[in-house]
Amino acid sequence: LSATIQEKTALKEEKGTEIMERKTRQEQLAKTLEETKVRLAKERSEYEALTADLEKAISSLETAIAALDSSKPTAAASFLSFKHDLKQQLKESVALAEVMGLAKSAKVKQVSALLQGKVDPDDANYKFKSQGIIDVLNDLLTDFNKEKRDVDTEWGKTETSENDLISDTEAR
């Protein structure tokens with residue numbers, strides 16, 4: 001009888017230890033799950049902000065290119081008299097391109113100078129060349145579209161990875 005009691009006491013202690021280990025493991029998994037969900041939410045927020053910036057830049061460039069294309073005979077006057085909001089959007093697009101390292105050429109700096117209104121279009125050094133400006137804007141548009149695709153691809157991988165981690169953690 002005392003041997004049975006000792007066996008049952010040892011078994012009870014073993015089960016108690018096992019329960020404590022499981023509880024500790026469950027707490028660790030819950031912490032990992034919460035950290036992963038918080039990280040995913042932060043990364044989603046960053047992705048959405050970057051995507052919004054890229055989409056705005058793409059839209060602004062497309063609008064500017066269309067406006068310049070439609071007014072080529074009077075492009076110099078048209079470019080300098082763009083609506084204020086379009087000029088502001090283009091300034092932001094060019095600034096974003098510079099920050100992202102997409103604006104590398106001197107032509108982009110000329111576009112930036114024209115947007116800031118610091119250039120006299122009648123000055124021989126800065127004679128307006130509408131096709132050159134359109135080409136620069138098209139190059140930026142191509143770069144922004146590529147960057148957007150790359151960001152979307154990376155986000156897809158990140159989201160899948162994080163969701164897999166969440167699913168695996170919840171399954172344990």
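Small disclaimer: the values here were computed from a predicted structure and weren't measured. (Residues numbered from 1 in each chain as written. Predicted model: local features only at pLDDT ≥ 70, side-chain atom pairs only at ≥ 80, totals over all residues. Heavy atoms only, no water.)

Novice: Would you mind going over the side chain of K148 with me for this structure?
Specialist: Relative to the helices and strands, K148 is located in helix α5 (residues 130-171). Those residues in contact with K148 that sit more than four places away from it in its chain are Y47, T51, L54, E55 and I58. (Helix = DSSP H or I, 4+ residues; strand = E, 2+ residues; numbered from the N terminus. Contact = heavy atoms within 4.5 Å.)

Novice: Looking at this structure, I do not really get the side chain of E162. What am I missing?
Specialist: Note on placement: E162 falls in helix α5. The exposure class of E162 is buried, given its relative accessible area of 9%. Those residues in contact with E162 that sit more than four places away from it in its chain are T36, R39, L40 and E43. (Buried < 20%, exposed > 50% of the residue type's maximum accessible area, 1.4 Å probe, protein only.)

Novice: I'm lost on the nonpolar core in this one. Help?
Specialist: Generally speaking, nonpolar side chains in soluble globular proteins are found buried as a group. Within the largest apolar cluster, 24 residues are counted, with the highest numbers of intra-cluster contacts made by L61, L137, L140 and F144. For this core, the secondary structure elements donating two or more residues are α1 (2-70), α3 (84-99) and α5. Ranked by residue count, the leading element in this core is α1, at 10 residues. Setting aside anything within four residues of it in sequence, one finds F144 in contact with L54, A57, I58, L61, S93, L96, A97, M100 and L102. (Core = buried A, V, L, I, M, F, W, Y, C linked by side-chain atoms within 4.5 Å.)

Novice: In this structure, what is going on with the pattern of salt bridges? I would like to understand it.
Specialist: Two side chains that carry opposite charge are able to pair once their charged atoms sit near each other. All chains considered together, the criterion is met by nine salt bridges. Between E154 and K157 there is a salt bridge whose closest N-O contact spans 3.7 Å. A residue pair is termed a helical-turn pair when its members lie 3 or 4 positions apart in one helix, as E154 and K157 do in helix α5 at three residues. Through salt bridges with shared partners, a single ionic network connects E55, K148 and D152. (Salt bridge = Lys/Arg side-chain N within 4 Å of Asp/Glu carboxyl O.)

Novice: Help me understand the confidence of the model for the protein in this model?
Specialist: Low-pLDDT stretches of the model should not have their predicted coordinates read in fine detail. Scored by pLDDT, the protein comes out at a mean of 80, with 73% of its residues at no less than 70. Here helix α2 (residues 75-80) stands out as the element of the protein with the lowest mean pLDDT, 49, in contrast to α1, whose mean of 90 is the highest. Low pLDDT (under 50) marks residues 74-78, which in the prediction has six contacts with non-local residues, meaning those over four places away or in another chain. (pLDDT = per-residue confidence, 0-100.)

Novice: I keep staring at the environment of A41 and nothing clicks. Help me out?
Specialist: Relative to the assigned elements, A41 resides in helix α1. Along the chain, A41 and E159 lie 118 residues apart, while their C-alpha atoms are 9.8 Å from each other.

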